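A structural walkthrough
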Amino acid sequence: MNIIFMGTPEFAVPCLQCLLQERHQVSLVVTQGDKPKGRGHQLAFPPVKEYALANHLPVFQPVSLKSEEAYQRLAQEKPDLIVVTAYGKILPQKVLDLPPYGCINIHASLLPRYRGAAPIQWAVINGETESGVTSMQMAAGLDTGDMLLRRSREIPPEMTAGELHDLLAQDGAAVLAQTLRELETGNLRPEKQDDALSTYAPMLTKDLGRMDWTKPASELHNLIRGLNPWPSVTVPFRGKRLKIHRTRVTGEDSSRAVPGTVLSLDPLTVACGQGALILEEVQYEGARRMTAAEFLRGHPMTVGSVMESNKIKE
């Protein structure tokens, strides 16, 4: 089949790679614009563009797909199918109707749960024990199209969103390959989503990463691993920010301690509103990521001292 691929971040690269490995004709790769990156704010290519150029595929980076110019550029390729993976822009109905086989999307959740921009992170933040990927026939709504194939994956209690992201990216490619095979043989059986079961996964913001020690340790643990690697959870520490990368929930009794109180230094254990957290990996502002033990060697603390919160005041 002649396919136009639309995607932007690292998550989408395995799906594009899959199309080439399955020997489909990818006539055009559509991705978002280059963006400033790093301290120098130099323009950087999106990961999908980097992969496309390395494989000699033409790249199109429209500001919007709503313009007639953008539509005509897509129509010029006469695609049989458009495949979309984490593109990051809404496709207008005119584009959805362009290819004979429509548009197929690979979404990183078990739909209809976690529709939206950040399904992987919110599944971890909410303490889900299972996630997955779904291929769907795209419709005008946000991730509301008919489901085609799904593949589930367990979320262990210590897994971060970054780790789950890498696994689901590979699962997404496998689901895409199977979806296209069954499309070609006429074996796909679309299934409508039950909107009553839907949940929403909005975009992440840095404000989500504010630490509030009054919350239960299990909730904070899920937040920390759900926002790892970005935007991360931070706490104020001696005039700078301390990122908390990895934690473990402990059953240590913290009922008599003020939330934020350091209960132990080996391991570094902090009281929460309910239960306590062991801080395993941290990163002080301007320094590298390190174990809590390494951090304490350079920044001594005492049992009974209280770590600050930086929650948004109501």
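The notes below deal with the structure included here. The shown structure was predicted, so the numbers you read here are calculated from the model rather than taken from an experiment.

1. Comments concerning the packing of helix α1 (residues 13-21) against helix α6 (residues 161-185)
At a minimum axis distance of 8 Å, the contact between α1 and α6 shows a crossing angle of 35 degrees. When the axes of α1 and α6 are compared, the crossing they make is right-handed. Residues Pro14, Cys15, Cys18 and Leu19 of α1 form the contact with α6, whose participating residues are Ala169, Gln170, Gly172, Ala173, Leu176, Ala177 and Leu180.

2. A few points about the packing of aromatic side chains
A complete count under the given rule lists three aromatic pairs for this structure. Here a set of aromatic residues connected by ring pairs shows up, and it is made of Phe237, Tyr284 and Phe295. Here the guanidinium or amino end of Lys49 rests over the ring plane of Phe45, the centre of that ring lying 3.8 Å away. Over the ring of Tyr71 we find Lys94, and its NZ or CZ is 4.3 Å from the ring centre.

3. Overview of the sheet that holds strand β2 (residues 25-30)
Judged by pairing direction, the sheet is mixed, and its seven strands sit side by side in the order β5-β2-β1-β6-β7-β9-β10 without closing on themselves. Of all strands in the sheet, those with a lone pairing partner are β5 (59-60) and β10 (147-154), marking the two edges. Pairing of strand β1 (residues 2-7) with β2, which is carried by five bridges, proceeds in the parallel orientation. The partner of Ile3 across the bridge, within β2, is Val26. Packed onto the sheet, α6 meets β1, β6 (81-85), β7 (103-107), β9 (130-137) and β10 and runs at close to 150 degrees relative to β10.

4. So, the environment of Phe11
Relative to the elements of secondary structure, Phe11 occurs in the loop between β1 and α1. The spatial distance from the C-alpha of Phe11 to the C-alpha of Asp166 is 7.2 Å, given a sequence separation of 155 residues. Those residues in contact with Phe11 that sit more than four places away from it in its chain are Thr85, Ala86, Ala108, Ile120, His165, Leu168 and Ala169.

5. Points about the nonpolar core
Among the nonpolar cores identified, the biggest contains 71 residues, and Phe5, Leu16, Trp213, Leu279 and Met307 are the most heavily contacted of them. Among the elements that take part in this core, α6 stands out by supplying ten residues, more than any other. Among the nonpolar cores identified, the runner-up in size contains 17 residues, and Val30, Ala70, Tyr87 and Cys103 belong to it.

6. Digging into the pattern of salt bridges
For the structure on display, the rule yields 15 salt bridges. Salt-bridge contacts for Glu77 lead to Arg73; the nearest nitrogen and oxygen are separated by 2.6 Å. When its relative accessible area of 17% is taken as the criterion, Glu77 is described as buried. Looking at Arg73, the relative accessible area reads 22%, which means it is partly exposed.

7. Remarks on unusual backbone geometry
For residues other than glycine, phi is negative in most cases, and the peptide bonds are mostly trans. Omega for the bond connecting Leu111 with Pro112 falls within 30 degrees of zero, at 10 degrees, which places this linkage in the cis form. Along the chain, Pro112 falls in the loop between β7 and β8 (115-116). Residues Asn228 and Pro229 are joined by a peptide bond in cis, for which omega reads 20 degrees. Relative to the elements of secondary structure, Pro229 occurs in the loop between α7 (217-226) and β12 (233-237). At His56, a residue that is not glycine, the phi angle is positive and equals roughly 60 degrees. Along the polypeptide, His56 turns up in the loop between α2 (47-54) and β5. For Arg238, which is not glycine, the phi torsion reads 50 degrees and is therefore positive. Locating Arg238 in the fold gives a position in the loop between β12 and β13 (240-250).

8. Quick look at the layout of surface pockets
Of the voids in this model, the second largest pocket is the one considered here, and its volume is about 470 Å³. Around the second largest pocket, the lining comprises 20 residues; the ones closest to its centre are Lys206, Pro231, Thr234, Arg241 and Lys243. Of all the secondary structure elements, the ones that give two or more residues to the lining of the second largest pocket are β12, β13 and β16 (276-284). Of the residues that constitute the lining of the second largest pocket, the class distribution is seven nonpolar, seven polar and six charged.

9. Notes on the packing of α1 against α2
Two numbers describe how α1 lies on α2: the axes approach to 9 Å, and their chain directions differ by 25 degrees. For the element pair α1 / α2, the angle class is roughly parallel. Handedness of the crossing formed by α1 with α2: right-handed. Of the residues in α2, those touching α1 at Val13, Leu16, Gln17 and Leu20 are Pro47, Val48, Tyr51 and Ala52. Grouping the constituent residues of the contact of α1 with α2 by class yields seven nonpolar, one polar and no charged.

Conventions and cut-offs
- Residues numbered from 1 in each chain as written.
- Predicted model: local features only at pLDDT ≥ 70, side-chain atom pairs only at ≥ 80, totals over all residues.
- Heavy atoms only, no water.
- Axes fitted to C-alpha atoms, helices over the stretch in contact; angles between N-to-C directions.
- Helix = DSSP H or I, 4+ residues; strand = E, 2+ residues; numbered from the N terminus.
- Left-handed = near helix turned anticlockwise from the far one by under 90°.
- Contact = heavy atoms within 4.5 Å.
- Phe/Tyr/Trp six-rings, centres within 6.5 Å; stacked < 30°, edge-to-face > 60°.
- Lys NZ or Arg CZ within 6 Å of the ring centre and 35° of its normal.
- Pairing = 2+ DSSP bridges.
- Core = buried A, V, L, I, M, F, W, Y, C linked by side-chain atoms within 4.5 Å.
- Buried < 20%, exposed > 50% of the residue type's maximum accessible area, 1.4 Å probe, protein only.
- Salt bridge = Lys/Arg side-chain N within 4 Å of Asp/Glu carboxyl O.
- 1 Å grid on protein atoms, 1.4 Å probe; cavity = no way out; pocket = protein on both sides within 12 Å on 5 of 7 lines; lining within 4 Å.
- Points joined across faces, edges and corners; volume = space filled by probe spheres on them.
- Nonpolar A, V, L, I, M, F, W, Y, C, P; charged D, E, K, R; others polar.
- Parallel < 35°, antiparallel > 145°, perpendicular 65-115°, else oblique.

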